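One letter stands for each residue in the lines below.
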Amino acid sequence: MQVKILDIALGGRLWGKLFQYGDLCRFVAEPALVAQPPAQVLSLSMLAQDQAAQSALWADVRNPLFNAQGGRLPAWFQNLLPEGVLRSHIAQLRGCAEDDHFELLAACGGDLPGAVSARPVEVERATLQRLVTQDQDALEMSVVADPLPQGISVSGVQPKLGLARQGARYTARTRTRSGTQAGQRVIAKLPVVGRPHMPQLEMFSLQLAAAAGVTVCAAELAPLDAIDAQHSYALPDEPAFLAVTRFDRAGARRIHFEDFAQILSRDPQHKYGGSYTAMALAMRAFDSLGEAAQVELLRRLVVNELLGNPDAHLKNFGVLYPNGRTPQLAPAYDIVAYAAMQGVDGHALPLLSPEARRGPAPARTRFFTPTAVRAFCWATGLHEPLARRAIADTARRAREHWPALLDAAPLPTVWKERLQARWTAHALWRPRGRDRAAAAGE
Ligand SMILES: Nc1ncnc2c1ncn2[C@@H]1O[C@H](COP(=O)(O)OP(=O)(O)OP(=O)(O)O)[C@@H](O)[C@H]1O
Ligand SMILES: [Mg+2]
């Protein structure tokens, strides 16, 4: 039976081996990691209470965290793969099927999200036997090709390119002779045929979120003809794309990142599953996230509610590890005011988990009912007055700053009218009763 193996490293340190053997894909931590768990964090989903429990976790090769069957990767690794059209593009370059997940990870292994890498490795018989603990006689190593030089993985379904900003130009990433990365890395979110003005709408939405007090990633609109890179996307006759500055790259340095699908161990197929309560509970478990991150989550949800953004799923929130160990909530990204267009509404996830809800799922007419906010606070340990104040403050800032930004936005008038109409009709736009009391600090 053929075995394919990838060395998985975090920040340059060998962390373990991911192997595929028949139907099974398994991650096995390095013996050195089991002997002495390092301080760096690969994932909050893989953190144990203390050193002894951590060692035991890394040694537990049958743990569901580290295993998958049926051609998928363990959920944490599956979440590293490109999605949508970028996946098709990488599969084509690699000459593999789009559902050959192991091969896709190998193709992008040199440029994965955060600070992980995956590289092909050939191991000795003894190591092979240690890794593959079932049916050992006919094991055979199968050689995996090196990562593609153009193999960049960024998740998300919209068409995008990984580029480097050099002055006013955006180029396919290049390496200088010293091997360091030239230019600032960006995710280029491209315009799409049949969906006009999307880069402008996303840029505008990020500006609105920032004005409402949300911490957003750096982004700018740039002319499409500033892209110096080969690609096979059919581009519409539009002037601009959205250049999003990567927060997980600082020159040649990689800053580790993971999204909430990874933190909550959900396969990306289920990124519209779970709840915001589950996210907030995970935040509560870590001091460096805690209440501040929970409040920031509420700010983002207020913005999504007012913008009619139904796409804030688990992969659209994440954490960064600037020092390799301590998670910080990553700036907000992928916020789009879909209410400018017709026919979209609601939220990607429910506010409450079934356990927090007590009773049937409420109709999705109002997101922040007083009962729902109270249940959210109960379930997540967030101080209720703090939550109410965050919601009221965010709405107040929106009322103060958004009308002028809307006036100045380079968007069709009918879109502006729709947004305006949504805001003025919205309960958050007209503080009264409890909202007003909360705003007054009661
Ligand atoms: N500023 C950033 N720095 C680093 N990584 C980022 C940044 N912004 C987004 N990402 C990563 O890239 C992924 C794709 O970006 P984004 O969500 O904007 O794309 P999308 O295709 O619109 O996604 P979706 O499928 O949710 O519509 C995100 O899920 C996140 O992992
Ligand atoms: Mg996204």
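Source: prediction; values computed, not measured. (Residues numbered from 1 in each chain as written. Chains lettered and ligands numbered in written order. Predicted model: local features only at pLDDT ≥ 70, side-chain atom pairs only at ≥ 80, totals over all residues. Heavy atoms only, no water.)

## Focus: the sheet that holds strand β10 (residues 219-223)
Judged by pairing direction, the sheet is mixed, and its six strands sit side by side in the order β10-β12-β9-β7-β8-β11 without closing on themselves. With partners counted over all chains shown, the strands left at the sheet margins are β10 and β11 (227-228), one partner each. Judged from the four bridges that link them, strand β9 (residues 184-189) and strand β12 (residues 240-245) form a sheet pairing that is antiparallel. Each residue of the ladder has a partner; that of Ala188, found in β12, is Ala243. The sheet contacts of helix α7 (residues 198-211) involve β9, β10 and β12, and relative to β12 the element is tilted by about 40°. (Pairing = 2+ DSSP bridges. Helix = DSSP H or I, 4+ residues; strand = E, 2+ residues; numbered from the N terminus. Contact = heavy atoms within 4.5 Å. Axes fitted to C-alpha atoms, helices over the stretch in contact; angles between N-to-C directions.)

## Some words on the packing of helix α12 (residues 370-380) against helix α13 (residues 384-408)
Between two packed helices, both the angle of their axes relative to each other and the distance between the axes serve to describe the pair. One can describe the packing of α12 onto α13 by two numbers: an axis separation of 9 Å at closest approach and a directional angle of 130°. Classified by the angle their axes make, α12 and α13 are oblique. In this structure, the crossing between α12 and α13 has a hand that is right-handed. Packed against α12, whose contacting residues are Pro370, Val373, Arg374 and Cys377, the element α13 presents Glu384, Ala387, Arg388 and Ile391 at the interface. Taken together, the residues that form the contact of α12 with α13 break down as five nonpolar, no polar and three charged. (Parallel < 35°, antiparallel > 145°, perpendicular 65-115°, else oblique. Left-handed = near helix turned anticlockwise from the far one by under 90°. Nonpolar A, V, L, I, M, F, W, Y, C, P; charged D, E, K, R; others polar.)

## So, the coordination of the magnesium ion (ligand 2)
The coordination sphere of the magnesium ion (ligand 2), as far as protein atoms go, consists of Asn316 (OD1) and Asp334 (OD), spread over 2.1 Å. You can see Asn316 sitting in the loop between α10 (290-307) and β16 (318-321) and its partner Asp334 sitting in the loop between β17 (328-329) and α11 (354-357), a full 18 residues away along the chain. Assigned by exposure class, Asn316 and Asp334 land together as buried. (Donors = N, O, S within 2.8 Å, 3.2 Å for Na, K, Ca; no water. Buried < 20%, exposed > 50% of the residue type's maximum accessible area, 1.4 Å probe, protein only.)

## A word on the packing of aromatic side chains
Taken as a whole and assessed by the stated rule, the structure comprises 16 aromatic pairs. Between Trp402 and Trp423, the aromatic rings sit 5.0 Å apart at their centres with planes inclined by 55°, giving tilted as the arrangement. Placement of Trp402 in helix α13 and of Trp423 in helix α14 (residues 413-425) is noted, with a sequence separation of 21 residues between them. Residue Trp402 shares its accessibility class with Trp423, and that shared class is buried. Measuring from centroid to centroid gives 6.2 Å for Trp402 and Trp429, while their planes differ by 45°, and the two rings are tilted. Of this pair, Trp402 sits in helix α13 while Trp429 is found in the loop between α14 and α15 (433-439), placing the two residues 27 residues apart along the sequence. (Phe/Tyr/Trp six-rings, centres within 6.5 Å; stacked < 30°, edge-to-face > 60°.)

## Comments concerning the site of ligand 1
Around ligand 1 there are 22 residues in total, and Val157, Gln158, Lys160, Lys189 and His313 lie nearest to it. Taking Val157, its main chain carries an N or O atom lying 2.7 Å from an oxygen atom of ligand 1. At a separation of 2.9 Å, a nitrogen atom of ligand 1 approaches a polar backbone atom of Thr245. When ligand 1 is considered free in solution it has 620 Å² of accessible area, and contact with the protein chains removes 96% of it. Contributing elements (two or more residues each) for the shell around ligand 1: β9 and β12. For the shell around ligand 1, the residue count by class is eight nonpolar, six polar and eight charged. (Near = heavy atom within 4 Å. Polar contact = N/O pair within 3.5 Å; in protein donor to acceptor, adjacent residues only side chain to side chain. Areas by Shrake-Rupley, 256 points an atom, 1.4 Å probe, with all protein chains shown as cover.)

## What about the pairing of strand β1 (residues 2-10)?
It is a general feature of regular strands that their side chains alternate between the two faces of the sheet. Taken across its nine residues, β1 has eight buried, putting it largely inside the fold. Here β1 pairs with strand β6 (residues 140-141) via two bridges, running parallel. Bridging from a neighbouring strand, Gln2 pairs with Glu140 of β6. Of the strand pairs in this sheet, β1 and strand β2 (residues 13-21) are connected by eight bridges, and their pairing is antiparallel. Within β2, the residue paired with Leu6 across the bridge is Leu18. Taking the residues between adjacent antiparallel strands as the criterion, β1 and β2 are bridged by two residues, where Gly11 takes a positive phi near 55°. Bridge count for β1 against strand β5 (residues 116-120) is five bridges, and the pairing is antiparallel. Its bridge partner being in β5, Ala9 is matched across the sheet by Ser117.

## Description of the state of the cysteines
All told, the structure shown has zero disulfides when counted by the stated rule. With no disulfide of its own, Cys108 lies closest to Cys96 among cysteine sulfurs, the gap being 9.0 Å. (Disulfide = S-S within 2.5 Å.)

## A few points about helix α4 (residues 84-94)
Buried within α4 are the following residues: Leu86, Arg87, His89, Ile90, Ala91 and Arg94. The inward-facing, buried residues of α4 abut α3 (75-78), α5 (101-107) and β7 (160-166). One or two steps after α4, the chain reaches Gly95, where phi turns positive at roughly 70°.

## Description of the sheet that holds β16
Across the sheet, three strands lie side by side as β15-β16-β17; this open sheet has antiparallel pairing. The two strands at the open ends of the sheet, each matched to only one other strand, are β15 (256-259) and β17. Sheet topology places β16 next to β17; two bridges connect them, and they run antiparallel. What sits directly across from Leu320, in β17, is Gln328.

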